[in-house]
Amino acid sequence: MTQDSARPRPLAVAPQTELAGLRWVLTDIDDTLTSDGRLPAAAYAALEALDDAGIAVVPVTGRPAGWCDAIARHWPVAGVVGENGALWYALDRGARRMLRWQAQPEAERRLRRARLEALAEAAMAAVPGSAIAADQPFRLFDMAIDFCEDAGPLGLDAAEAIARVFRAGGAEAKVSSIHVNAWIGAWDKRAGIEALFAARFGDFAALAPRIAFVGDSLNDAPLFAAVPCSVGVANVAPFLAGMTTPPAYITRAEGGAGFAEFADALLKARGAVPEETAA
């Protein structure tokens, strides 16, 4: 499917050969793997089923470095891209060694921290009811302002107002379903996953027809645009109007149930399409 400004089509119409040819699944976490802030058993079982089938799963998230280390160690995943592309972690299980990469030299990261913190204070003053995200102590590169996790909920207009303060101060800012993430540097989720693929799997652009991405919000747009098989879980619908490139497909179910729906469709397609045809 060629992606444009059209609305996504139901996942049910995705060609079996397209799904069967997939070898990597990239996925957002919050409100894509999770539902109401929790990781449901069905979503985790889907991760395990994909891993058992030889499909490499890589979460691509706005969540912090500390969480990414734990996820890379304990989940059935091939790596994790965190803080909206600022870093990736991948556990070499055979060598019992965590591989790490970051987009910005450590000295530069430290120099920019004070400026980000000042912008965060200005953003919260401009939008009463917003707050520093509870996971901020585990972050390295960005500031996360909560508008819909423990704070609020304040709505997307408030989130955009927060983002504008950061952008006016020269920072990048992306709106997720729960936080506004801001950083000073030239990266996004796509840049982070390209760095991981270059180090671990091969050229991302060349492999794109064999990669799926599943997401739910505005900060997922760079990856919706990057692969032909992009999938929004049903709760992406409120964000579609603000996306230049929406996902190609949309699930019936929301959150973790939607991810499980996609995984089930992929695995059934692999069974229905001979391996040589899928490849």
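Residues numbered from 1 in each chain as written. Predicted model: local features only at pLDDT ≥ 70, side-chain atom pairs only at ≥ 80, totals over all residues. Heavy atoms only, no water.

Summed over all chains, the structure comprises three cavities of 30 Å³ or more. Roughly 100 Å³ of volume is contained in the largest cavity. Considered class by class, the residues forming the lining of the largest cavity number one nonpolar, eight polar and six charged. If you add up the space inside the second largest cavity, you get close to 40 Å³. Surrounding the second largest cavity, Gln104, Arg109, Arg112, Arg113, Leu116, Leu140, Phe141, Trp183 and Ile184 form its lining. (1 Å grid on protein atoms, 1.4 Å probe; cavity = no way out; pocket = protein on both sides within 12 Å on 5 of 7 lines; lining within 4 Å. Points joined across faces, edges and corners; volume = space filled by probe spheres on them. Nonpolar A, V, L, I, M, F, W, Y, C, P; charged D, E, K, R; others polar.)

One number sums up the size of the largest pocket: a volume of about 250 Å³. Classifying every residue of the lining of the largest pocket by side-chain character gives eight nonpolar, two polar and five charged. The space that makes up the second largest pocket amounts to roughly 190 Å³. Lining the second largest pocket are 14 residues, and of these Lys174, Leu218, Asn219, Ala221 and Gly242 sit closest to its centre. If you list the elements that add at least two residues to the lining of the second largest pocket, you get α5 (156-168), β9 (172-175) and α8 (221-224). The element contributing the most residues to the lining of the second largest pocket is β9, with three residues. (Helix = DSSP H or I, 4+ residues; strand = E, 2+ residues; numbered from the N terminus.)

Turning next to the packing of helix α2 (residues 41-52) against helix α9 (residues 255-272). Two numbers describe how α2 lies on α9: the axes approach to 8 Å, and their chain directions differ by 30°. Relative to α9, the element α2 lies roughly parallel. Seen from above, α2 lies across α9 with left-handed handedness. Residue-level contacts link Ala42, Ala43, Ala46, Leu47, Ala49 and Leu50 of α2 to Gly256, Phe259, Ala260, Ala263, Leu266 and Leu267 of α9. Grouping the constituent residues of the contact of α2 with α9 by class yields eleven nonpolar, one polar and no charged. (Axes fitted to C-alpha atoms, helices over the stretch in contact; angles between N-to-C directions. Parallel < 35°, antiparallel > 145°, perpendicular 65-115°, else oblique. Left-handed = near helix turned anticlockwise from the far one by under 90°. Contact = heavy atoms within 4.5 Å.)

On to the pattern of salt bridges, then. For the structure on display, the rule yields 16 salt bridges. In this structure, glutamate 160 engages arginine 167 in a salt bridge whose closest nitrogen and oxygen atoms are separated by 3.5 Å. Owing to a relative accessible area of 26%, glutamate 160 belongs among the partly exposed residues under this scheme. Note that aspartate 220 and lysine 189 form a salt bridge whose closest N and O atoms lie 2.6 Å from each other. One end of the pair, aspartate 220, is in the loop between β11 (211-215) and α8; the other, lysine 189, is in helix α6 (residues 189-200), and 31 residues separate them in sequence. Residue classification places aspartate 220 among the buried positions, given a relative accessible area of 0%. (Salt bridge = Lys/Arg side-chain N within 4 Å of Asp/Glu carboxyl O. Buried < 20%, exposed > 50% of the residue type's maximum accessible area, 1.4 Å probe, protein only.)

Moving on, we get to the sheet that holds strand β7 (residues 131-132). With respect to topology, four strands assemble into an open sheet ordered β7-β8-β10-β9, the strand pairing being antiparallel. Strands at the two margins of the open sheet, each flanked by one partner only, are β7 and β9. Where strand β8 (residues 143-146) lies against strand β10 (residues 179-183), four bridges are found, and the strand directions are antiparallel. The residue of β10 that forms the bridge with alanine 144 is asparagine 181. Across the face of the sheet, helix α4 (residues 106-126) comes into contact with β7, β8 and β10 while running at roughly 15° to β8. Those strands touched by α5 are β8, β9 and β10, and its axis lies near 170° from that of β9. (Pairing = 2+ DSSP bridges.)

Here the focus is the confidence of the model for the protein. With 96% of its residues at a pLDDT of at least 70, the protein reaches an overall mean of 94. In the model, residues 1-5 has pLDDT below 50 throughout and makes 16 contacts with residues more than four positions away in sequence or in other chains. (pLDDT = per-residue confidence, 0-100.)

Here the focus is the sheet that holds strand β13 (residues 249-250). One open sheet accounts for six strands, arranged β1-β13-β12-β11-β2-β3; its pairing is parallel. Strands at the two margins of the open sheet, each flanked by one partner only, are β1 (9-10) and β3 (56-59). Note that strand β2 (residues 24-27) and β11 share four bridges and pair parallel. The partner of valine 25 across the bridge, within β11, is alanine 212. Where α6 meets the sheet, its contacts fall on β2, β3 and β11, and the angle it forms with β2 comes to roughly 150°.

With omega at 10°, the peptide bond leading from glycine 152 into proline 153 counts as cis. Secondary-structure assignment places proline 153 in the loop between β8 and α5. Positive phi outside glycine occurs at asparagine 84, with the angle close to 55°. Inspection of the secondary structure puts asparagine 84 in the loop between β4 (80-82) and β5 (87-92). Overall, asparagine 84 belongs to the buried group, its relative accessible area being 1%.

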